[in-house]
Structures are given as C-alpha cells and as structure tokens.
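Here is how the chains run, residue by residue.
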Amino acid sequence: LSVVVLISGSGSNLRALLEATENPLFGAKIVAVGSDNAADGLAHAEQFGVPTFVVSPGSFDTRENWANVLLANINHFKPDLVVLAGFMRILPGNFVSALSPNLINTHPSLLPAFPGAHAVRDALAAGAQVSGVTIHVVDEGVDTGPHIAQASVPVLADDSEYDLHERIKVVERELLIATVKDIANKKIHLPSLAK
Ligand code: GRF
C-alpha cells in the first residue's frame, strides 16, 4: 500500500508511521510527505529518504487553486491512501471527492465531541474527564467523516493542554499505525465505511 502523509507541524505521528513502515512485513510504504508549510516534521521524512513537497496556501489566490496543486503533487506519487497526520488546513470539496474514501484523518478527541483545530483545549475547557483520538474518513465537513477507529484517554485534574495532548499522542500513534496496517492488509475496507 503506497501512502502519502500530509503534516503541518512536528510530525510525531508521521515519525511513528515512518518507523513502523520500515518493517517490510508492515504492508505499507510512505512514498512521500507533503505540507502546507516548511514544517519541522519534514525532517523526519528526509531522515528516512522519503521525498517531500510543500504547497503553501499563501502562494495561491483561492483555496481551490491551492488544493488543486496540492492534489497534483500527491497524485504524482500515485498513492493508494492519503493520511492527514496533524494537517491543519480545511480541504475543499474538489480535493476530498478526488481522493475519497482513500483519505483519512487523525483527530485528538472522541468525535463528535470537540471537532476543529483546538480539540484538546476545548476538552479541558469543557471539564471532560475522558478524551481520546478518532481516526476517520475525511468527508466535505470538518472532522465529520465516518469513524474508522477510536481510543479513549483519561484527563487528569491538573492537565495542561500540552500534558493532555502528549498523553493523547501516545495512544494516537499506536492507533494510526494499527489502522494503516489494517487498511494495508484489507482488514479495514474504506469504501464500505464511506457510503
Ligand atoms: C495530532 O495530535 C493530530 O491529531 C492533531 O495535531 C497533532 C499533530 O501532532 N491534529 P504531530 O505533528 O503528529 O506531532
């Protein structure tokens, strides 16, 4: 299974996937890593000899034009699956429909609770006792696509946003690796989820 991963930040999820896919028995290979900016996480791809590309929204007059160039970069690598791992941009309908259902996202909350860009902060602000991570098929909405996998994570009384997010990320990395592996070995069939 050829995979393109899109990131915007530190890429700890990406790094975990790069390490996991090093094992030839894993069944998936990361063929490229893309970003909307010169993200620190791109260094992980470089260390593993994986090609990278940056398509910055600032260089385009519309979101659609930006997304079309991002899509062209992705399609150059002919992936079977695109994974959003800390990609902090909303993707327009033309992009999503071109890739669906082979486009998945990992989100640091138990959706439908706390969608959007500040899930961990929102869970703390709401006094949630439990949060977690959701891996889902990306549809035209924000964090609204069909769920593939979820795992819960306890919230501790004195958690900072950083503390909780780091605790979530430990579980998130494992769930993402397991999910990509199950998609690679066809234990998970994305088209059945997406209809
Ligand atoms: C992840 O928790 C992801 O779910 C969220 O942002 C974080 C990215 O972390 N959208 P990293 O870049 O993989 O370290």
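Every residue gets a number counted from 1 within its own chain, in the order that chain's sequence is written. Local features in this predicted model are restricted to residues whose pLDDT is 70 or higher, and side-chain atom pairs enter the listing and the counts only when it is 80 or higher, whereas totals over whole chains, interfaces and linings include all residues. Excluding hydrogens and water, the side-chain figures rest on all heavy atoms present in the structure.

Caption draft 1: Spatial organisation of the packing of aromatic side chains. Think of it this way: a Phe, Tyr or Trp ring, Trp meaning its six-membered ring, pairs with another when their centres are within 6.5 Å, and the plane angle makes it stacked under 30 degrees, edge-to-face over 60, tilted otherwise. Throughout the structure, instances matching the rule amount to two aromatic pairs. An angle of 15° between the planes, with centres 6.0 Å apart, marks the rings of Phe53 and Phe77 as stacked. Here Phe53 is found in strand β3 (residues 52–54), whereas its partner Phe77 is found in the loop between α3 (63–76) and β4 (81–84), with 24 residues between them in sequence. Only protein chains enter the area calculation, which uses a 1.4 Å probe; residues under 20% of their type maximum are buried, those over 50% are exposed, and those in between are partly exposed. Residue classification places Phe53 among the buried residues on the basis of a relative accessible area of 7%. On the basis of relative accessible area, Phe77 is assigned to the partly exposed category, the value being 23%. Note on Trp66 and Phe87: the rings are 6.2 Å apart at their centroids and 5° apart in plane angle, and the pair reads as stacked. Residue Trp66 is found in helix α3, and its partner Phe87 is found in the loop between β4 and α4 (93–99); the two are separated by 21 residues along the sequence. A run of H or I in DSSP counts as a helix once it spans at least four residues, and a run of E counts as a strand once it spans at least two, with each numbered from the N terminus.

Caption draft 2: Inspection of the layout of surface pockets at higher detail. There is about 760 Å³ of room inside the largest pocket. Those elements that place two or more of their residues in the lining of the largest pocket are α1 (12–21), β5 (103–107), α5 (119–125) and α6 (161–184). Broken down by element, the residue count for the lining of the largest pocket peaks at four residues, all from α6. Residues are grouped as follows: nonpolar covers Ala, Val, Leu, Ile, Met, Phe, Trp, Tyr, Cys and Pro; charged covers Asp, Glu, Lys and Arg; every other residue, Gly included, is treated as polar. Classifying every residue of the lining of the largest pocket gives 13 nonpolar, 15 polar and eight charged. Cavity: a set of points on a 1 Å grid over the protein atoms alone where a 1.4 Å probe fits but cannot get out. Pocket: an open set with protein on both sides within 12 Å along at least five of seven lines, its lining residues, like those of a cavity, having an atom within 4 Å of a point. Grid points are joined across faces, edges and corners, and a volume is the space filled by probe spheres set on the points. Estimates place the volume of the second largest pocket at around 150 Å³. Lining the second largest pocket we find Leu18, Thr21, Glu22, Lys29, Ile30, Val31, Phe48, Gly49, Val50 and Pro51.

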